[in-house]
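Per-entry structural report
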Amino acid sequence: MGFRWFTRAKALELGGLSGFALNLPDGRVQVVAEGPRSGCEGLLDWLRGDDTPGRVDGVTEIWDTPRGGYDGFAIR
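Each residue is numbered by its place in its chain's sequence as written, counting from 1. Only residues with pLDDT of at least 70 get local features here, since the model is predicted, and only at 80 or more are side-chain atom pairs given and counted; chain-wide, interface and lining totals rely on the full set of residues. Only hydrogens and water are set aside; all other atoms, that is, all heavy atoms of the structure, feed into the side-chain values.

Each helix is a run of H or I in the DSSP string that is no shorter than four residues. Each strand is a run of E no shorter than two, and both are numbered from the N terminus. From N to C terminus, the protein includes 2 helices and 3 strands. Of the regular secondary structure in the protein, the N- to C-terminal order runs α-β-β-α-β. The C-alpha radius of gyration computed for the protein amounts to 12 Å, which stays within 12% of the reference 11 Å derived for 76 residues, consistent with globular compactness. Its C-alpha atoms put the protein at 30 × 25 × 20 Å along the principal axes. For the purpose of counting charges, residues Lys and Arg are taken to be positive, whereas Asp and Glu are taken to be negative. His and the chain ends are not included. A charge is said to be at NZ when it belongs to Lys, at CZ for Arg, at CG for Asp and at CD for Glu. Across the protein, the mean location of the 9 positive side-chain charges is 5 Å away from that of the 11 negative side-chain charges. We compute the radius of gyration over the C-alpha atoms and compare it with the globule rule, which gives 2.2 Å times the number of residues raised to the power 0.38.

Take a look at the structure:
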């Protein structure tokens, strides 16, 4: 489906975001993003919108203190 690839592409398009998109064993995709709040909110809006590949049944967001340590936005 390419969901992780499209998520990475959107994060790079928004700019200033680092983190990753990871397939979980149960079929869900975990997305961790750090950067400006506006960029993170933009990625969340996209994930909740109708422009994503595949089907998104729900988005759970957790805001926390950035931990750093990410080099760009990776597909895992």
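That shown, we press on.
UniProt positions are given in the numbering used here, feature names are shortened, and annotations may be inferred rather than shown by experiment. Within this structure's numbering, the places UniProt gives as "active site" (unreviewed entry) are Arg4 and Asn23. Across 20 residues of sequence, these annotated residues stay compact in space, with a maximum C-alpha separation of 7.8 Å. Here arginine 4 lies in helix H1 (residues 3-14). The residue asparagine 23 is located in strand S1 (residues 18-23) in this model. Here asparagine 23 falls in the partly exposed class, since its relative accessible area comes to 42%. Throughout, a residue-residue contact means that at least one pair of heavy atoms, one from each residue, lies within 4.5 Å. Once residues lying within four places of it in the same chain are set aside, the contact partners of asparagine 23 are Arg4, Arg28, Val29 and Arg76. Working definition: with a 1.4 Å probe on protein chains only, accessible area under 20% of the residue-type maximum means buried, over 50% means exposed, and in between means partly exposed.

The pairing criterion for strands is at least two bridges between them, as found by DSSP. If you trace the 3 strands from one edge of the open sheet to the other, you get S2-S1-S3, paired in mixed fashion. Among the strands making up the open sheet, the edge pair consists of strand S2 (29-34) and strand S3 (73-75). Pairwise comparison of adjacent strand axes, ignoring direction, gives a mean angle of 10° for this sheet. In the sheet, S1 pairs with S2 via 6 bridges, with the strands oriented antiparallel. Axes here mean lines fitted to C-alpha atoms, for a helix over just the part in contact, with angles spanning 0 to 180 degrees between N-to-C directions.

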